[in-house]
Amino acid sequence: MDEDERIISAESADFAEEQTELSLRPKTLTQYIGQEKIKQEVAVYIEAAKTREEPLDHVLLYGPPGLGKTTLAGVIANEMEVNFKTTSGPAIEKPGDLVALLNELRPGDILFIDEIHRLPKNVEEILYSAMEDFYIDIVVGQDATAHPVHFPLPPFTLVGATTRAGLLSAPLRARFGIVEHMQYYTEAELSQVVLRSATVFNTRIDPLGAREIARRSRGTPRVANRLLKRVRDFAQVAHKEMIDQEIVDYALNLLQVDNQGLDETDRKMLQTMINLYNGGPVGLATIAANIGEETETVADMLEPYLMQIGFMKRTARGRMVTPAAYAHLGIDPHKNKK
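Given the structure is predicted, the values throughout are model-derived calculations rather than measurements.

Participant: Any chance you could explain the sheet that holds strand S2 (residues 84–88) here in plain terms?
Facilitator: In any sheet, the strands associate via hydrogen bonds between backbone groups, in a parallel or an antiparallel arrangement. Across the sheet, five strands lie side by side as S2-S3-S6-S1-S7; this open sheet has parallel pairing. Each edge of the sheet is formed by a strand with only one pairing partner; in this case those strands are S2 and strand S7 (178–181). If you compare each strand with its neighbour and ignore which way they point, the axes differ by 15 degrees on average. The sheet contact formed by S2 and strand S3 (residues 110–114) spans five bridges and is parallel.

Laid out in structure tokens, this is it:
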């Protein structure tokens, strides 16, 4: 195989992987698994908007990462039968970037902004009039030639997603008519996600294997799909025609994902808090420095799930490890006390 053939082959593999990722995303509310309360509410809002022939009200989706906020935004666009344009807060660096995005929208279209809490302040302020009255006022030129321009916009829907709703300013949050909190998935819901994803991957998996993956997936579909991919690799190398509980146990134990979904980093964090700080209270920045992670990683990726399963709690003085975490790690809670 010459160099050109290798490049084409690599590009084809990348395209196939991208198509697989896209196919994991459901297209309709019926296909979307979990978040039942949100689906019921959104279905009503969509039906009402379509009946009135109006754009859907602006939507804010918030919750931990990996729960399907982007997917749900795409589903809403499909159900509304409108175009779907995506971007992220960090990608919009200046007002001109936002103007360019809004200029491409047609009446009723959906603009999805991921990590909307990271929008620059000057960009956020332009959004206020765009969301409320469908126009923006911008200043063109500099110094003596500067002059304001009134720029009308077609009625559109902004769908914002964030893992940190508390960082949104009050004026921006107030302009969202629909605010939904994404919840962690149940084990049964994640089992359905795994079974569906296995079908997309053309992989056979039995219900017990799917449930075991679900049990270790931290209540998060993204984690469930990632673990399914890795277990599929182990099953293929072991020449197993079907993924069963045995190969799931073997693979995930080797990957150091325990029966509560904790990985090596989670356990390192808890053990650091126990061994160095007697289980807390200890500050977030201190924890992050001790385990070599960014404070945002600890706050957004590690802490929410540990709190959800009752292994950690926040107090006025800092984070603390709970007795349940001591029991899970097999550590005597009184042994390290001074």
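Participant: Help me understand the environment of Gln-35, please; the structure alone is not making it clear to me.
Facilitator: Within the secondary structure, Gln-35 sits in the loop between helix H1 (3–23) and helix H2 (36–52). Judged by relative accessible area, which is 8%, Gln-35 ranks as buried. Placed 148 residues apart in sequence, Gln-35 and Gln-183 show a C-alpha to C-alpha distance of 6.8 Å. Those residues within four positions of Gln-35 in sequence are excluded, and the remaining contacts are Leu-67, His-181, Met-182, Gln-183, Tyr-185 and Glu-189. Within the structure, Gln-35 has its side chain in polar contact with the backbone oxygen of Gln-183 (distance 2.6 Å).

Participant: Looking at this model, I keep getting lost on the UniProt feature "binding site: Mg(2+)" (unreviewed entry) in the protein chain. Mind explaining?
Facilitator: Taking the numbering used here, the UniProt-annotated feature "binding site: Mg(2+)" (unreviewed entry) corresponds to Thr-70. Structurally, the position occupied by Thr-70 is in helix H3 (residues 69–80). Residue Thr-70 is classed as partly exposed on the basis of its relative accessible area of 28%. Apart from residues lying up to four places away in sequence, Thr-70 is in contact with Arg-25, Phe-84, Phe-112 and Asp-114.

Participant: Would you mind showing me how to read the pattern of salt bridges here?
Facilitator: Between side chains of opposite charge, pairing is possible as soon as their charged atoms come close. The tally for this structure, following the rule as stated, stands at 19 salt bridges. A salt bridge links Arg-230 to Asp-233; the shortest N-O distance between them is 2.9 Å. Highlighted residues: Arg-230 and Asp-233, both in helix H9 (residues 221–237), separated by three residues, approximately one helical turn. The class for Arg-230 is partly exposed, based on a relative accessible area of 32%. Given the relative accessible area of 31%, Asp-233 is considered partly exposed. Where Glu-303 meets Arg-314, a salt bridge forms, and the shortest distance between an N and an O atom there is 2.5 Å. Separated by eleven residues along the polypeptide, Glu-303 in helix H13 (residues 295–308) and Arg-314 in strand S8 (residues 312–315) bring together distant segments of the chain. Using a relative accessible area of 0% as the deciding quantity, one classes Glu-303 as buried. Because the salt bridges share partners, they merge into one network encompassing Glu-212, Arg-215, Arg-216 and Asp-249.

How each quantity is defined
- Residues numbered from 1 in each chain as written.
- Predicted model: local features only at pLDDT ≥ 70, side-chain atom pairs only at ≥ 80, totals over all residues.
- Heavy atoms only, no water.
- Pairing = 2+ DSSP bridges.
- Helix = DSSP H or I, 4+ residues; strand = E, 2+ residues; numbered from the N terminus.
- Axes fitted to C-alpha atoms, helices over the stretch in contact; angles between N-to-C directions.
- Buried < 20%, exposed > 50% of the residue type's maximum accessible area, 1.4 Å probe, protein only.
- Contact = heavy atoms within 4.5 Å.
- Polar contact = N/O pair within 3.5 Å; in protein donor to acceptor, adjacent residues only side chain to side chain.
- UniProt positions renumbered as here; feature names shortened; annotations may be inferred.
- Salt bridge = Lys/Arg side-chain N within 4 Å of Asp/Glu carboxyl O.

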